[in-house]
Amino acid sequence: MPLFLNRSTDTGAALADLFVIVRCDGGLGQATVNGQVDQVTYAKSVAGAGQDRIEALVGGTGNIVISAAPSGTLIPDGQGGTVPINLVGGVTFAPDANGIIQVAYCFDNRMFAFDTGGNRIEFPRSVILFHELAHAFHRANGSFNAGDPEFQAINDENAYRNQVGLTNRDPNNHDGGEGAGNGQAIPGCSGLAPGGGANGGCCTC
Ligand SMILES: [Zn+2]
């Protein structure tokens, strides 16, 4: 499942969030394919939920394209209309006619979700991206749970939350929204941050 970045969106922001997900593992990079996409490259040096998932996405045979979208970007709401991406966090589309799976997520908004006690918890931008990539991963490899895709993606998301010490999300509660959670933050990691646009750089999110 090669993993790509949509060059008409903020590839620097997307690569910065991927860098957080792999916990600043240095073997992450991007290579220009054409005017439309860059391909993500990754040589894993340390195992972990984040690193393992990105390695699997980079090394497979499907095609997944990430768009890092700012607040206000309109996306389909699934009911024939549109909704600003900052209200929902992200979206993953079914494979298109060319078999490409499009992922879009909001990178500049504070969001919350809920734990099993119904309490607000943080939903940081790299967690939003990891969540959407979970949907994409399962669509690409044939393991997509069409009956309960959110339960499946949130369980995957919780593996990454465990890795970085964030309170787990309730896999039976897909709600959330804009605003503060419980104040937790993903620990910083150190390493050579990939270059990128104004929203690149690492790793305070
Ligand atoms: Zn989801």
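Student: Talk me through the packing of aromatic side chains; I want residue IDs and the actual numbers.
Tutor: Taken as a whole and judged by the stated rule, the model has two aromatic pairs. Taking the centre distance of 5.0 Å and the plane angle of 15 degrees together, the rings of Phe130 and Tyr160 count as stacked. Note that Phe130 is positioned in helix α4 (residues 125-141) and Tyr160 in helix α5 (residues 149-164), a separation of 30 residues in sequence. Accessibility classification places Phe130 together with Tyr160 in one group, the buried group. Stacked on the ring of Phe112, the Lys or Arg Arg120 has its end atom at 3.6 Å from the ring centre. Positioned above the aromatic ring of Phe123, the side-chain terminus of Arg169 is 4.6 Å from the ring centre.

Student: Could you give an account of the confidence of the model for the protein, naming the residues involved and the relevant values?
Tutor: When pLDDT is averaged along the protein, the result is 92; 92% of the residues meet or exceed 70. A low-confidence stretch, residues 195-201 stays under pLDDT 50, and its non-local contacts, those more than four residues away or across chains, total 17 contacts.

Student: Summarise the sheet that holds strand β9 (residues 111-114); cite the residues concerned and give the values.
Tutor: Taken in spatial order, the three strands make up an open sheet running β10-β9-β11, and their pairing is antiparallel. Every other strand in the sheet has two partners, leaving β10 (120-122) and β11 (177-178) as the edge strands with one partner each. Bridge count for β9 against β11 is two bridges, and the pairing is antiparallel. The residue bridging Met111 from the neighbouring strand is Glu178, located in β11.

Here is what the cut-offs are and how they apply
Within every chain, residues take consecutive numbers counted from 1 along the sequence as written. Predicted model: local features are reported for residues with pLDDT of at least 70 only, side-chain atom pairs are reported and counted for 80 or more only, and whole-chain, interface and lining totals are derived from all residues. Each side-chain value is worked out from all heavy atoms of the structure, with water and hydrogens disregarded. Two rings belonging to Phe, Tyr or Trp (six-membered ring only in the last case) form a pair when the distance between their centres is within 6.5 Å. Interplanar angles under 30 degrees mark stacking, angles over 60 mark edge-to-face geometry, and anything in between is tilted. Only DSSP runs of H or I reaching four residues or more are called helices, and only runs of E reaching two or more are called strands; each is numbered from the N terminus. Here's how the labels work: a residue is buried when its accessible area is under 20% of the maximum for its type, exposed when over 50%, partly exposed in between, all with a 1.4 Å probe on protein chains only. Lysine NZ or arginine CZ positioned within 6 Å of the ring centre and within 35 degrees of the ring normal marks a charge as sitting over the ring. Confidence scores here are pLDDT values: one per residue, from the predictor, ranging 0 to 100. Whether two residues are in contact is decided by their heavy atoms, any of which lying within 4.5 Å being enough. At least two bridges found by DSSP between two strands is the condition for calling them paired.

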